[in-house]
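# Observations on the model geometry
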Amino acid sequence: MEKIIDGKAIAARLREAIAADVAQLKAFGTTPGLAVVLVGDDPASRVYVSMKEKACEQAGIYSDEHKLPAQTSEAQLLALIDELNRDPRIDGILVQLPLPAQIDEGKVLEAISPQKDVDGFHPYNVGRLVTGNPLFQPCTPYGVMKMLEATGVDLKGKEVVVVGRSNIVGKPVALMCLAEHATVTICHSRTRDLAAKVAAADVVIAAVGRPEMIKGAWIKEGAVVIDVGVNRVGDKKLVGDVEFEAAKARASAITPVPGGVGPMTITMLLYNTVESAKRRAAAKA
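Only a predicted model underlies this, so the values are computations on that prediction, with no experimental measurement involved.

## Some remarks on the overall build of the protein chain
- The helix and strand tally for the protein chain stands at 10 helices and 10 strands.
- Relative to its length of 285 residues, the protein chain is compact, with a C-alpha radius of gyration of 19 Å against a globular reference of 19 Å.
- In terms of principal-axis extent, the alpha carbons of the protein chain reach across some 50 × 40 × 35 Å.
- For the protein chain, with 285 residues in total, the buried portion stands at 49%.
- Residue pairs at least 24 apart in sequence account for 71% of intrachain contacts in the protein chain once pairs closer than 6 positions are excluded.
- Accessible surface computed for the protein chain: about 13400 Å², of which carbon and sulfur atoms make up 53%.
- Looking at charge distribution, the protein chain has the averaged site of its 34 positive side-chain charges lying 2 Å from that of its 34 negative ones.

## A look at the pairing of strand β3 (residues 92-95)
- Neither face of β3 is open: one carries Gly92 and Leu94, the other Ile93 and Val95, and all of them are buried.
- As judged from the 4 bridges shared by strand β1 (residues 33-39) and β3, these two strands associate in the parallel manner. When the bridges of β3 are listed, valine 37 appears paired with valine 95.

## Examining a nonpolar patch on the surface
- On the surface, Val47, Tyr48 and Met51 cluster together into a nonpolar patch covering about 290 Å² of accessible area.
- In this fold, methionine 51 is placed in helix α2 (residues 43-59).

## Observations concerning the sheet that holds strand β2 (residues 62-68)
- Here 3 strands make up an open sheet; going across it, the order is β2-β1-β3 and the pairing parallel. Either end of the sheet is taken by a strand with one partner, and the two such strands are β2 and β3. In this sheet, neighbouring strand axes are inclined to one another by 15 degrees on average, regardless of whether the strands run parallel or antiparallel.
- Inspection of the sheet shows β1 paired to β2 by 7 bridges, in the parallel sense. Along β2, the bridge assignment pairs leucine 34 with serine 63.

## Some details on the packing of helix α1 (residues 7-27) against helix α10 (residues 262-284)
- At a closest axis distance of 9 Å, the pairing of α1 and α10 adopts a crossing angle of 20 degrees. When the axis of α1 is compared with that of α10, the two are roughly parallel. As for how α1 packs across α10, the hand of that crossing is left-handed. For the pair formed by α1 and α10, the contact residues are Gly7, Lys8, Ile10, Ala11, Leu14, Arg15, Ile18, Asp21, Val22 and Leu25 on the first element and Pro263, Met264, Ile266, Thr267, Met268, Leu270, Tyr271, Val274, Ala277, Lys278 and Ala281 on the second.
- Considered class by class, the residues forming the contact of α1 with α10 number 15 nonpolar, 2 polar and 4 charged.

## Points about a positive patch on the surface
- Positive charge collects at one region of the surface, where Arg165, Lys171, Arg190 and Arg210 lie side by side.
- Relative to the helices and strands, lysine 171 is located in helix α7 (residues 170-179).
- Residue class for lysine 171 comes out partly exposed when judged on its relative accessible area of 39%.

## Focus: the state of the cysteines
- Here the structure, examined in full by the defined rule, presents 0 disulfides.
- The structure places no disulfide on cysteine 177, whose sulfur is separated from the nearest cysteine sulfur, that of cysteine 187, by 13 Å.
- The exposure class of cysteine 177 is buried, given its relative accessible area of 0%.

## Quick look at the packing of aromatic side chains
- Going through the model one piece at a time under the given rule, you end up with 1 aromatic pair.
- When the ring of tyrosine 142 is compared with that of tyrosine 271, the centres are 5.6 Å apart and the planes differ by 85 degrees; the resulting orientation is edge-to-face. Taken together, the residues tyrosine 142 in helix α6 (residues 139-150) and tyrosine 271 in helix α10 connect sequence positions 129 residues apart.
- Across the ring face of phenylalanine 136, the terminal group of arginine 279 is positioned such that the distance to the ring centre comes to 4.8 Å.

## Describing the nonpolar core
- Leu148, Leu155, Ile205 and Ile226 are the most contacted members of the largest nonpolar core, which totals 52 residues.
- In terms of residues, this core owes the most to one element, α10, which gives 8 residues.
- Judged by nonpolar contacts, the second largest core, of 17 residues, contains Leu194, Val198, Met213 and Ile214.

## Examining the packing of α1 against α2
- Where α1 contacts α2, the two axes come as close as 9 Å, and the packing angle between them is 60 degrees. Comparing the axis directions of α1 and α2 gives the class oblique. Contacts between α1 and α2 involve Arg15, Ile18, Ala19 and Val22 on the former and, on the latter, Ala55, Gln58 and Ala59.
- Class assignment for the residues of the contact of α1 with α2 results in 5 nonpolar, 1 polar and 1 charged.

Analysis parameters
Position numbers for residues count from 1 along each chain, tracking the sequence in the order it is written. pLDDT decides what is reported in this predicted model: residues at 70 or higher carry local features, side-chain atom pairs at 80 or more are listed and counted, and totals for whole chains, interfaces and linings draw on all residues regardless. To get the side-chain values, take all heavy atoms of the structure and skip hydrogens and water. We count a stretch as a helix when DSSP gives it H or I for four or more residues in a row; a strand needs E for two or more, and each element gets its number in order from the N terminus. In this setup the radius of gyration rests on C-alpha atoms only. A globule is expected at 2.2 Å times the number of residues raised to 0.38. Exposure categories follow from relative accessible area, calculated using a 1.4 Å probe and restricted to protein chains: below 20% of the type maximum is buried, above 50% is exposed, and the middle band is partly exposed. Should any heavy atoms of two residues lie within 4.5 Å, those residues are considered in contact. Here the open area of atoms and residues is found with the Shrake-Rupley method and a 1.4 Å probe, where only the protein chains shown may cover a residue. When charges are counted, Lys and Arg contribute as positive and Asp and Glu as negative, whereas His and the chain ends are disregarded. Each charge is placed at NZ for Lys, CZ for Arg, CG for Asp and CD for Glu. Pairing between two strands requires that DSSP report at least two bridges joining them. Here the term patch refers to residues with relative accessible area over 30% and no salt bridge, with like charges joined within 9 Å and nonpolar side chains (Val, Leu, Ile, Met, Phe, Trp, Tyr) within 5 Å. Salt bridges are defined as contacts in which a side-chain nitrogen from Lys or Arg sits within 4 Å of a carboxyl oxygen from Asp or Glu. Think of each axis as a best-fit line through the C-alpha atoms, taken over the contacting stretch in the case of a helix, with angles from 0 to 180 degrees between the N-to-C directions. The labels follow the angle: roughly parallel below 35 degrees, roughly antiparallel above 145, roughly perpendicular from 65 to 115, and oblique for the rest. In a left-handed crossing the near helix is turned counterclockwise from the far helix by less than a right angle, and in a right-handed crossing that turn is clockwise. As a working rule, the residues Ala, Val, Leu, Ile, Met, Phe, Trp, Tyr, Cys and Pro are called nonpolar, Asp, Glu, Lys and Arg charged, and the rest polar, with Gly in that last group. The rule for a disulfide is simple: a pair of cysteine sulfur atoms within 2.5 Å. Each Phe, Tyr or Trp ring, with Trp reduced to its six-membered ring, pairs with another whose centre is within 6.5 Å; inter-plane angles below 30 degrees give stacked pairs, above 60 give edge-to-face pairs, and intermediate values give tilted ones. Criterion for a charge above a ring: Lys NZ or Arg CZ within 6 Å of the ring centre, and within 35 degrees of the ring normal. In these notes, a set of buried Ala, Val, Leu, Ile, Met, Phe, Trp, Tyr and Cys residues joined through side-chain atoms within 4.5 Å is what counts as a nonpolar core.

This is the structure in structure tokens:
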């Protein structure tokens, strides 16, 4: 097993397969389409959106961009989503978060058709994930699972500790690991004796959003470490939620930051969009 889990390489392989699927769909008359909606001009969101557009272009996916001013009303955004729900060229709708204060995030996510919810955040899709029958799985946790699979990690019977309980990563990745027959413990910033919990884990998935909160000394010898955190320290340096160098000395495999989980998120967004297009093509057939 390669010690450093190279997210860029795994993502590149998946993107090749996605591009081949897109070419095949196009040959039979279906072009996968992704609508990306950005409200306001948050600099980080702008960067993400341009990365998503570029990734779509490279894979041959039709990208429909909607850049709306920061003062856009909730009603205007909901009207646009309704339009995209009914647009037959669109297989996936992604609304870039966070949204400005005047817009209710929950209402917006619920307005997206569950059949086009390629982010996997609609309560319908969350419910299907909980019941073990997913339609769309959220991109970052899905990327984590693909990385474990590509690294040859069999989760059956393993002790998995997830640090972080967000709806975006912590909770869904715990459900996905359960579906692979792991024994899962969810920890967070208020967990008592976090060090002992982490030390018992065969696989640690860190998604708490605090720089190097998980110490290398806590990692069990031979454990697999997936670090979802991306934290900026000082002006330039990016670090994960795990103390990388010290953890690397003990882990059998570990993801770096950057270059670990990051490249997988957009890749799985493309993957979900293409899966949605395949369903549309099958319904037409």
